[in-house]
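# Examination of the molecular architecture
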Amino acid sequence: MNPSKTIGNIVGNNRDSDHNIKDSKCIPMYVNELFAGGATGAIAKTSVAPLERIKILLQTRTEGFHAIGVFPALQKIMKHEGFLGLYKGNGLNVIRVIPYSGFQYLTYETYRDWFIDTMPRLGSGPVVDLLSGSAAGGTAVLCTYPLDLARTKLAYQVDAYKQNPLYASRTTYSSTIQDVLKNAYRQGGVRGIYRGIGPTMVGILPYAGLKFYMYEELKRRVPKEHEYDIAVRLSCGALAGLFAQTCTYPLDVIRRQMQVEILHSGNLRYKNSMEGLVSIIREQGWRQLYAGLSINFLKHSDLRLMI
């Protein structure tokens, strides 16, 4: 063996590794965190995508899914659309993860600094964090809402009912995101693309507030010896999120029905969120405001098992 060659190889390898380290350092930390979070979010959403599809069908009272349970609905989708039908619209949901997280991540500190500078009485504690998080969430929703609208419209359409003349005559079918957004724009302009955003924006602050409050309350009741356990903190976060989702769930049902109402009835029935709430209670009963809520409990139990 030639010692000079061996030493030269070692030096060359060290230079390559140093070069790679320098290259990795060129990528900002928040970009790495963003893509890592996006990948994790995509996996989590895909794992519960079949349940999400069923939840949308139950929330919107899709033809053939008015009064059936979660598992019969899963069987029905499998029968008419096959295994891939369970994931209809999930691609858009996954695509939405990274821009949503990006807008939320990049605007949070900006809003936080603004609140601290313009409203010094609030200090820099949990109230500012709550307001900043809500504002950042609202910005992310505004920037990515058309993708959520398209995903809901795609998930709402059940292929088996295209052959039903009574159903097909009042339903505009779209198979791609371009078709969905073109039809939405043609039917209502920019407002058509943002149909149903009212309930979403209204629910952001109550959701964030309830989640934050419940999380702190649960943490206070944890024994001191388990105070810093990751599993305990994750469980507190999951329960707090579930509590907040349950309290604001009717707003989610109103949003979904507003997103697909022109597909369902051929015209716009609800002028605003309040009219949608009153109409749903009067025509469908107050229980419809919680249609599909059990799926949220199933999703949270699945995610805890994954953790």
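All of these numbers come straight from a predicted model, not from anything done at the bench.

## A look at the packing of aromatic side chains
- Counting across every chain of the model gives four aromatic pairs.
- Between Tyr145 and Tyr194 the ring centres are 5.9 Å apart and the planes differ by 15 degrees, which places this aromatic pair in the stacked class. In this pair, Tyr145 is assigned in helix H6 (residues 126-156) and Tyr194 in the loop between helix H8 (177-193) and helix H9 (197-220), connecting sequence segments 49 residues apart.
- According to the relative accessible area criterion, Tyr145 is buried, its value standing at 1%.

## Some details on the confidence of the model for the chain
- For the chain, per-residue confidence averages 80 on the pLDDT scale, and 79% of positions sit at 70 or higher.
- Overall, residues 17-24 carries pLDDT values under 50, and its contacts beyond four positions in sequence, including any with other chains, amount to zero contacts.
- The low-confidence segment residues 303-307 (pLDDT under 50) makes five contacts with residues lying over four places distant or belonging to another chain.

## Side note on the nonpolar core
- Residues Leu51, Ile54, Leu57, Leu58, Phe65, Val70, Ala73, Leu74, Ile77, Leu86, Val158 and Ile295 constitute the largest nonpolar core, which totals 12 residues.
- Elements with a contribution of two residues or more to this core: helix H3 (49-59) and helix H4 (70-81).
- Residues Val141, Leu149, Ile197 and Ile204 belong to the second largest nonpolar core, which totals seven residues.

## Focus: the pattern of salt bridges
- On inspection of all chains with the given rule, the structure shows 13 salt bridges.
- One salt bridge connects Glu52 with Arg151, and the closest N-O pair in it is separated by 3.3 Å. Of this pair, Glu52 sits in helix H3 while Arg151 is found in helix H6, placing the two residues 99 residues apart along the sequence. Both residues of the pair, Glu52 and Arg151, belong to the buried class.
- The partner of Lys88 in a salt bridge is Glu81, with the nearest N and O atoms 3.7 Å apart.
- In the salt-bridge network here, residues are joined through shared partners; they are Asp148, Asp252, Arg255 and Arg256.

## Regarding unusual backbone geometry
- At Arg61, a position not held by glycine, the phi torsion is positive, near 55 degrees.
- You can see Arg61 is positioned in the loop between H3 and H4.
- Among the residues examined, Arg61 registers a relative accessible area of 24% and is labelled partly exposed.

## What about the environment of Leu293?
- Residue placement: Leu293 occurs in helix H12 (residues 293-306).
- Between the C-alpha atoms of Leu293 and Pro250, which are 43 residues apart in sequence, the distance is 9.4 Å.
- With sequence-adjacent residues up to four places away left out, Leu293 is seen in contact with Thr246 and Tyr249.

## As for the packing of H3 against H4
- At their nearest, the axes of H3 and H4 sit 10 Å apart, and the two run at 100 degrees to each other. In terms of orientation, H3 and H4 fall into the roughly perpendicular class. Residues Pro50, Leu51, Arg53, Ile54 and Leu57 of H3 touch H4, and the partners they reach there are Val70, Ala73, Leu74, Ile77 and Glu81.
- Grouping the constituent residues of the contact of H3 with H4 by class yields eight nonpolar, no polar and two charged.

## A short note on the environment of Cys236
- With respect to the secondary-structure elements, Cys236 resides in helix H10 (residues 230-265).
- Under the relative-accessibility criterion, Cys236 is labelled buried at 8%.
- Considered as a pair, Cys236 and Glu217 are 19 residues apart in the sequence and their alpha carbons are 9.1 Å apart.
- Those residues in contact with Cys236, other than ones at most four positions away along the chain, are Tyr215, Leu218, Lys219 and Val222.

## A short note on the packing of H6 against H8
- Across the interface, H6 lies against H8 with an axial gap of 10 Å and an inter-helix angle of 120 degrees. Put simply, H6 runs oblique to H8. With respect to the hand of their crossing, H6 and H8 are arranged in right-handed fashion. The segment H6 lies against H8, with Tyr145, Pro146, Leu147, Leu149, Ala150, Lys153 and Leu154 engaging Ile177, Val180, Leu181, Ala184, Gly192 and Ile193.
- Counted by class, the contact of H6 with H8 contains 11 nonpolar, one polar and one charged residues.

Reading guide: rules and limits
- Residues numbered from 1 in each chain as written.
- Predicted model: local features only at pLDDT ≥ 70, side-chain atom pairs only at ≥ 80, totals over all residues.
- Heavy atoms only, no water.
- Phe/Tyr/Trp six-rings, centres within 6.5 Å; stacked < 30°, edge-to-face > 60°.
- Helix = DSSP H or I, 4+ residues; strand = E, 2+ residues; numbered from the N terminus.
- Buried < 20%, exposed > 50% of the residue type's maximum accessible area, 1.4 Å probe, protein only.
- pLDDT = per-residue confidence, 0-100.
- Contact = heavy atoms within 4.5 Å.
- Core = buried A, V, L, I, M, F, W, Y, C linked by side-chain atoms within 4.5 Å.
- Salt bridge = Lys/Arg side-chain N within 4 Å of Asp/Glu carboxyl O.
- Axes fitted to C-alpha atoms, helices over the stretch in contact; angles between N-to-C directions.
- Parallel < 35°, antiparallel > 145°, perpendicular 65-115°, else oblique.
- Nonpolar A, V, L, I, M, F, W, Y, C, P; charged D, E, K, R; others polar.
- Left-handed = near helix turned anticlockwise from the far one by under 90°.

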